[in-house]
Amino acid sequence: MENESLPYTAHESLGVLLGLVRSEIVRAMEAELAALGVELRFTQFLILKRLARLGPMTASELARAVELDGGAMTRQLDQLEGKGYLRRCPHEQDRRALRIELTEQGNALWQQLTDCNERVLEAAQRSLGEAERRHLHDYLTRVLHALRVKD
């Protein structure tokens, strides 16, 4: 289905199309956060999501999980720690390292944000049937795997 109001054509490259989809997801998620009165950017949302779903991890593990460099991660962690959503704790096995974990306030916020996340992802897929959703997930997983595999 062609929509004339969209700023791209159906013949865009895969890279452009994926970039546009990501941009729209970011925009929609930030709009949901703003509507709730939550002052978070999308990257900060992702950090909370990764910690909520995967548990405590080092800053470098977290940076890889959300695709940030070390300096950018430090700035994001400083801001989230300042808001009381996470804390840095000594690593159990490595005295030189710190583990990042959600605080009680961070966990409570994540519980509130889970519905936002689901609404945005549901809206993104609303024109797809259940089988199409499974296929899309399968195709994107395979594309990601192909890009990550080193020949």
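The structure under discussion appears in the preceding block.
Structure report, in brief. (Residues numbered from 1 in each chain as written. Predicted model: local features only at pLDDT ≥ 70, side-chain atom pairs only at ≥ 80, totals over all residues. Heavy atoms only, no water.)

1. Structural notes on the sheet that holds strand β2 (residues 86–90)
The 3 strands lie next to each other as β1-β3-β2, forming an open sheet whose pairing is antiparallel. Either end of the sheet is taken by a strand with one partner, and the two such strands are β1 (57–58) and β2. Pairing geometry for β2 and strand β3 (residues 98–102), over 5 bridges, is antiparallel. Opposite Arg87, over in β3, you have Glu101 as the bridge partner. Lying on the sheet, helix α4 (residues 70–82) is in contact with β2 and β3; it crosses β2 at an angle near 110 degrees. (Pairing = 2+ DSSP bridges. Helix = DSSP H or I, 4+ residues; strand = E, 2+ residues; numbered from the N terminus. Contact = heavy atoms within 4.5 Å. Axes fitted to C-alpha atoms, helices over the stretch in contact; angles between N-to-C directions.)

2. Regarding the nonpolar core
Among the nonpolar cores identified, the biggest contains 27 residues, and Leu40, Phe45, Ile47, Leu48, Leu51, Leu62 and Leu113 are the most heavily contacted of them. Breaking this core down by element, the ones donating at least two residues are α1 (14–36), α2 (42–54), α3 (59–66), α4, β3 and α5 (104–124). Residue contributions to this core peak at 6 residues, all from α2. When residues no more than four places from it in sequence are discounted, the contact partners of Ile47 are Leu62, Val66, Leu68, Met73, Gln76, Leu77, Leu80 and Leu86. (Core = buried A, V, L, I, M, F, W, Y, C linked by side-chain atoms within 4.5 Å. Buried < 20%, exposed > 50% of the residue type's maximum accessible area, 1.4 Å probe, protein only.)

3. Notes on the packing of aromatic side chains
Counted by the stated rule, this structure contains 2 aromatic pairs. Seen from their ring centres, Phe42 and Phe45 are 6.0 Å apart, and the 35 degrees between their planes marks the pair as tilted. In this pair, Phe42 and Phe45 are both assigned in helix α2, 3 residues apart and thus about one turn of the helix distant. What makes Phe42 buried here is its relative accessible area of 10%. Given a relative accessible area of 1%, Phe45 falls into the buried group. Considering the side-chain rings of Phe45 and Trp110, the 5.6 Å spacing of their centres and the 40 degrees angle between planes classify their relative orientation as tilted. One end of the pair, Phe45, is in helix α2; the other, Trp110, is in helix α5, with 65 residues separating them in the sequence. Across the pair, exposure class does not vary: Phe45 and Trp110 are buried alike. In textbook terms, an aromatic cluster arises when at least three aromatic residues are bridged by ring pairs, as seen for Phe42, Phe45 and Trp110. (Phe/Tyr/Trp six-rings, centres within 6.5 Å; stacked < 30°, edge-to-face > 60°.)

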